[in-house]
Amino acid sequence: MIAWPANTHPARLITRLGVSEVPAAVAVAILAALQYVFLAQLWRGFPLKAVGDVIHINVVVTGVVLSLLGAAVIATVSVLRRRRGIAAARRLEAAAVAPTFEGIRSALAQVSRRSTLGEAPQLRYTPKNASALEVREGDDDDKSAVVVGLGQRKRQSEDPEAFAAQLGHEVSHLELRGTAVEIGARRLVIVHFRVFGWLLLIFLPVLGFIDRRGLGSVHRAWGFELVWDPAIYLSMSYHVVLLALSSLVVFVYSYYFAVRREHLHDLRGSQVSGSSVLADRVFAKNTLPSARFGALLDFVHLHPTGSARRRVIHRHDFVLLSVVLYPLIVAGAQPLSLLLMTGWQEVFGMERHWWNLAITTATGVILYLVLCAEIVRLGLDTLLHRTFLMKIALYAAMAGAATQVPRFILEFVFGLRKGFSPDVIVERIWRGFMSGGGKIGAMVALILLALAYLAAVRVAATGEERAGRHAVLFHAVGVVATIGAFSAASLTSTAIIVGVIVLSVLVVMIGMVFLAVRNRCADCGRRRASVLLLRTACACKHEHLPLLRRWSARPYNEHLSA
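Predicted model, so just to flag it, every value in this text is computed and none were measured.

K.L.:
It is not clear to me how the overall build of the protein should be interpreted in this structure. Could you clarify?
P.N.:
Secondary structure summary: the protein contains 22 helices and four strands in total. Burial status across the protein gives 48% buried among its 562 residues. Pairs at least 24 residues apart make up 76% of the contacts formed inside the protein by residues separated by at least 6 positions. A total of about 26,500 Å² of accessible surface is found on the protein, and carbon and sulfur atoms cover 65% of it. One way to put it: in the protein the 60 positive side-chain charges average out to a point 3 Å from where the 37 negative ones average out.

Here you go:
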């Protein structure tokens, strides 16, 4: 094991600098939970409310029982199937002690010495899958292991350098000890969509038994008499689109979570192997033209494409910032969570002005949680590449647009449902945009610009040595500024709007000045006033982001060399 400060896993360093997926995961989990609550309200507003009058109770009871029972079965089978599969695979595995595995054992020992592992993991083989190359995280009674298929012996002998880099990727999993979290997140997303899809699959056919003319006194087939009223399904189009858009947010966030973890393992594998051979030889073979739907399948399976993996490795992209797709989709969590909570005011019995205040605060917090890690990424990218105006402006524009795109789509669906002409639909969308939607989008974009700059100032001021310092202050300023932006966008008085904006900007500026004054250079002790100009090096030439600077500019064979 190389025991010196530069031998830090990229994922741990990025997390220490403030890039944490936990807040966004919480916000997206809330959005997913709201989907189930919204579907329950649809049950209450359609079949349950009209039971006995326009739909038979037998249909409703059957639908509810099938929904709950099916959801429980799907969740249980998914969990048990995974556990039994792992247990069956482990029963087939055995220690790779034969002389034919000597090349793999030597490569694994060499790669492990360049990692942060205290000792090399055990090498095991499986006769089930000749191409297997994966890890088993151990516990107190079981040592961690790398599992290979029998065919990997040939691959290692044909290209030892490339195989060592692949072993480095697997060792990276063991360094973080997060494989269970990564696999669990993937499985949880799959189970969520299976369960939610099942619930919709039961709910939508139940609507087909609603007879708006009334049931009458004669009930044939125990009440299971299909009507299939098109008007009911047309009225549901708005709700289905809303659930589809919110599902897209959940999926895209999950995709980026899984893909970024894989990219970081690739980067770490390149570091411990000391080369970019993963990009040059391994992933080049996995992106052949014959894989017509390869990119689509990778997306569905929450996995990065080979071309994306090559690009990240060649660019030394430790920040992993997405300036278009991620903000354009995931920032939609704010308006979608607001729409999914439609009708809650009556449920809680709150007065309208208090409800508006509560909902503005709640959705503002959700938006900040979704984007807070991205704000730090914007700051890091600015410090490393000096592309502040281009990337941050584009990111802010996409996030601002995301707060309006769901409303545009739902307004369009509503217009089609009501039979409005295209001119009327466009006019309604434009009028809504000018009356408030445009202000919200602009406010979100502006506040993201300010917060990205603040994030860059904080990282430059604290540096890698004191990376976690002032994190609470940074998030507090971010939440206050975001809520202020939404509050300003929902007001009508120009004077009050300007006052709220000025207050939000003032809070951000005070945070910047505090960071510049409160922090000192770790080498000469000067105050870090130069961070206001986004300088990571002090006047004494002491660099406060040495590892990221080193990793983003030098070849991989120099990353872990003392």
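K.L.:
I keep staring at a nonpolar patch on the surface and nothing clicks. Help me out?
P.N.:
On the surface, Val 51, Ile 57, Val 61, Val 65, Leu 69, Val 73 and Val 77 cluster together into a nonpolar patch covering about 560 Å² of accessible area. Its place among the elements puts Val 61 in helix H3 (residues 57–92).

K.L.:
Before we go on, may I ask you to explain the packing of aromatic side chains in this structure?
P.N.:
Where two aromatic rings form a pair, the distance of their centres and the angle of their planes describe that pair. With the rule as written, the count across this model stands at 10 aromatic pairs. Each ring, one from Tyr 255 and one from Tyr 256, has its centre 5.4 Å from the other, and the planes form 90°; the classification is edge-to-face. Exposure remark for Tyr 255: the relative accessible area of 14% places this residue in the buried category. Tyr 256 sits in the buried class, given a relative accessible area of 13%. Here the aromatic residues Tyr 255, Tyr 256 and Tyr 326 are joined through ring pairs into a cluster of three or more. The ring centre of Tyr 326 lies 5.0 Å from the NZ or CZ of Arg 260, which sits over that ring. A cation sits over an aromatic face here: Arg 458 above Phe 474, 5.4 Å from the ring centre.

K.L.:
Even after reading the chapter, I still don't get the sheet that holds strand E2 (residues 122–126), so can you show me in this structure?
P.N.:
The pairing of strands in a sheet happens through backbone hydrogen bonds and is either parallel or antiparallel. Across the sheet, which stays open at both edges, the four strands sit in the order E1-E2-E4-E3 with mixed pairing between neighbours. Of all the strands in the sheet, the pair left with one neighbour each is strand E1 (94–95) and strand E3 (133–136). Relative to the sheet, helix H4 (residues 102–113) contacts E2 and strand E4 (145–149), its axis offset from that of E2 by approximately 140°. Along the sheet face, helix H6 (residues 160–176) touches E3 and E4 and points at about 25° away from the line of E3.

What counts, and at which threshold
- Residues numbered from 1 in each chain as written.
- Predicted model: local features only at pLDDT ≥ 70, side-chain atom pairs only at ≥ 80, totals over all residues.
- Heavy atoms only, no water.
- Helix = DSSP H or I, 4+ residues; strand = E, 2+ residues; numbered from the N terminus.
- Buried < 20%, exposed > 50% of the residue type's maximum accessible area, 1.4 Å probe, protein only.
- Contact = heavy atoms within 4.5 Å.
- Areas by Shrake-Rupley, 256 points an atom, 1.4 Å probe, with all protein chains shown as cover.
- Lys, Arg positive; Asp, Glu negative; His and termini not counted.
- Charge placed at Lys NZ, Arg CZ, Asp CG, Glu CD.
- Patch = residues over 30% accessible without salt bridge, like charges linked within 9 Å, V, L, I, M, F, W, Y side chains within 5 Å.
- Salt bridge = Lys/Arg side-chain N within 4 Å of Asp/Glu carboxyl O.
- Phe/Tyr/Trp six-rings, centres within 6.5 Å; stacked < 30°, edge-to-face > 60°.
- Lys NZ or Arg CZ within 6 Å of the ring centre and 35° of its normal.
- Pairing = 2+ DSSP bridges.
- Axes fitted to C-alpha atoms, helices over the stretch in contact; angles between N-to-C directions.

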